[in-house]
Amino acid sequence: MRASAKITKTPAQAPAKTAQPKSSDAKLTALFLDMLAAEQGAGRNTLDAYRRDLTDFSDYLAHADTDFTGADTESLRGYLADLDTRGFKSSSVARRLSAMRHLYRFLLNERVRGDDPAAILSGPKRGRGLPKVLSIADVDRMLTHAKELTQTDVSPAQRLRALRLYCLLEVLYATGLRVSELVSLPVSAARRDARMIVVRGKGNKERLVPLNDASRHAMADYLAASEVIQPKAKKAAPSKWLFPSSGESGHLTRQHFARDLKELAAASGLAPRLVSPHVLRHAFASHLLHNGADLRIVQTLLGHTDISTTQIYTHVVEERLKSLVRDLHPLAEKS
């Protein structure tokens, strides 16, 4: 049943069947994204992902002669089947379904629709893969090589880039920050001799993250070098970012850091395809748990709202518990 909606089609608009759904869907998508940004504090990357997913869904509906306000449950099932035909992974299909569920819940709350066609849909069954994790030795190799690059006889600009990479690596492995949180750190994070920094994460939520001595020294060395070298390179107002850039955001991009990290991995004798900022975040969490950290503490450090998100690391805890029982239990078999 189609409810009375805020957006209706007049008889004069009826012939334009392929264009009108896109127009009305675009307006609803914009309203939905505004709600996510205002009420849930969704970041730009999250909003962009929703926009891409809903645009693809709208295009499918347009070919079926309908739109967001006219689609029924069978239309949504047809779209999910179409994604499967196009070779989408189950994780991608599940993400598209999540986007549709959020959209139709919004349309129901806004009384654009009187029903929720996505409510009874079930997502694809998928196993949750274990995160890729570097060993402590692998991370140590990368840190050692990155530090060596800061001590080579190169130009001031090259040395500054080396110091930046070493600083990024030390801070990432010491804190487990999301890459978007890392590259957008304010310069104030390195200007005070603090053992904790305030990080603004998803949903605009703040959390305190501790720094170790190595990361603090790396930040101080990088900042000192940048204050000497950067003014000579160009006359500009001081940046508020710790890792400034001339790009639109004003700070180093996630993609730039990821490329630098893969180059460092290759130079350190590691396979670049196995190394990324997110893999180092996984390494931070896994190495903490392996050494006895509490899962709730790791949840707080990572900025996970739900403990279920952190539970992808429980395989590390399970292996450690097995080792403890094997090595310490009085009745354990001794070889």
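Bear in mind the structure is a predicted one, so any value in this text is a computation, not a measurement. (Residues numbered from 1 in each chain as written. Predicted model: local features only at pLDDT ≥ 70, side-chain atom pairs only at ≥ 80, totals over all residues. Heavy atoms only, no water.)

Comments concerning the nonpolar core
Counting residues in each nonpolar core, the largest one holds 43 residues, and the members touching the most others are M142, L169, L182, M219, L242, F257 and L261. Among the elements of the structure, helix 5 (136-149), helix 6 (156-175), helix 7 (179-183), helix 8 (188-191), strand 1 (196-200), helix 9 (213-233), helix 10 (254-267) and helix 11 (277-290) are those that each provide at least two residues to this core. In terms of residues, this core owes the most to one element, helix 6, which gives nine residues. Filtering out sequence-adjacent residues up to four positions away, L169 remains in contact with M142, L143, A146, L261, L264 and L280. If you look at the next biggest cluster of nonpolar residues, it comprises 27 residues, including M35, L61, F68 and V112. (Core = buried A, V, L, I, M, F, W, Y, C linked by side-chain atoms within 4.5 Å. Buried < 20%, exposed > 50% of the residue type's maximum accessible area, 1.4 Å probe, protein only. Helix = DSSP H or I, 4+ residues; strand = E, 2+ residues; numbered from the N terminus. Contact = heavy atoms within 4.5 Å.)

Section: the packing of helix 6 against helix 10
At a minimum axis separation of 11 Å, helix 6 and helix 10 run at an interaxial angle of 95°. Between helix 6 and helix 10, the crossing angle belongs to the class labelled roughly perpendicular. The residues of helix 10 that touch helix 6, namely those facing R164, L165, L168, L169 and L172, are H256, F257, D260, L261 and L264. Class assignment of the residues belonging to the contact of helix 6 with helix 10 gives a composition of seven nonpolar, one polar and two charged. (Axes fitted to C-alpha atoms, helices over the stretch in contact; angles between N-to-C directions. Parallel < 35°, antiparallel > 145°, perpendicular 65-115°, else oblique. Nonpolar A, V, L, I, M, F, W, Y, C, P; charged D, E, K, R; others polar.)

Some thoughts on the packing of aromatic side chains
Taken as a whole and judged by the stated rule, the model has seven aromatic pairs. Taking the centre distance of 5.6 Å and the plane angle of 55° together, the rings of F32 and F106 count as tilted. Highlighted residues: F32 in helix 1 (residues 20-40) and F106 in helix 4 (residues 90-109), separated in sequence by 74 residues. Taken individually, F32 and F106 each receive the classification buried, so the pair is uniform in this respect. A centroid spacing of 6.4 Å and a plane angle of 75° characterise the contact between F57 and Y104, whose relative ring orientation is edge-to-face. Here Y104 lies in helix 4 and F57 lies in helix 2 (residues 44-63), a separation of 47 residues in the sequence. The same class applies to F57 as to Y104, namely buried. An aromatic cluster of three or more residues is present, and its members are F57, Y60, F68, Y79 and Y104. (Phe/Tyr/Trp six-rings, centres within 6.5 Å; stacked < 30°, edge-to-face > 60°.)

Some words on the side chain of R178
Structurally, the position occupied by R178 is in the loop between helix 6 and helix 7. Here the side chain of R178 touches E181 through a polar contact of 2.6 Å, side chain to side chain. In contact with R178, other than residues within four places in its own chain, are G201, K202, R207, R281, L302, G303 and H304. (Polar contact = N/O pair within 3.5 Å; in protein donor to acceptor, adjacent residues only side chain to side chain.)

Overview of the pattern of salt bridges
Within this structure, the stated rule accounts for 15 salt bridges. One salt bridge connects R141 with D138, and the closest N-O pair in it is separated by 3.9 Å. Of this pair, R141 and D138 both sit in helix 5, separated by three residues, roughly a single helical turn. On the basis of relative accessibility, which here comes to 39%, the residue R141 falls in the partly exposed class. (Salt bridge = Lys/Arg side-chain N within 4 Å of Asp/Glu carboxyl O.)

A few points about helix 2
Between its first and last C-alpha, helix 2 extends 29 Å over 20 residues, near the 28 Å set by a 1.5 Å rise per residue. Buried within helix 2 are the following residues: L47, A49, Y50, D53, L54, D56, F57, S58, L61 and A62. (Expected span 1.5 Å × (residues − 1).)

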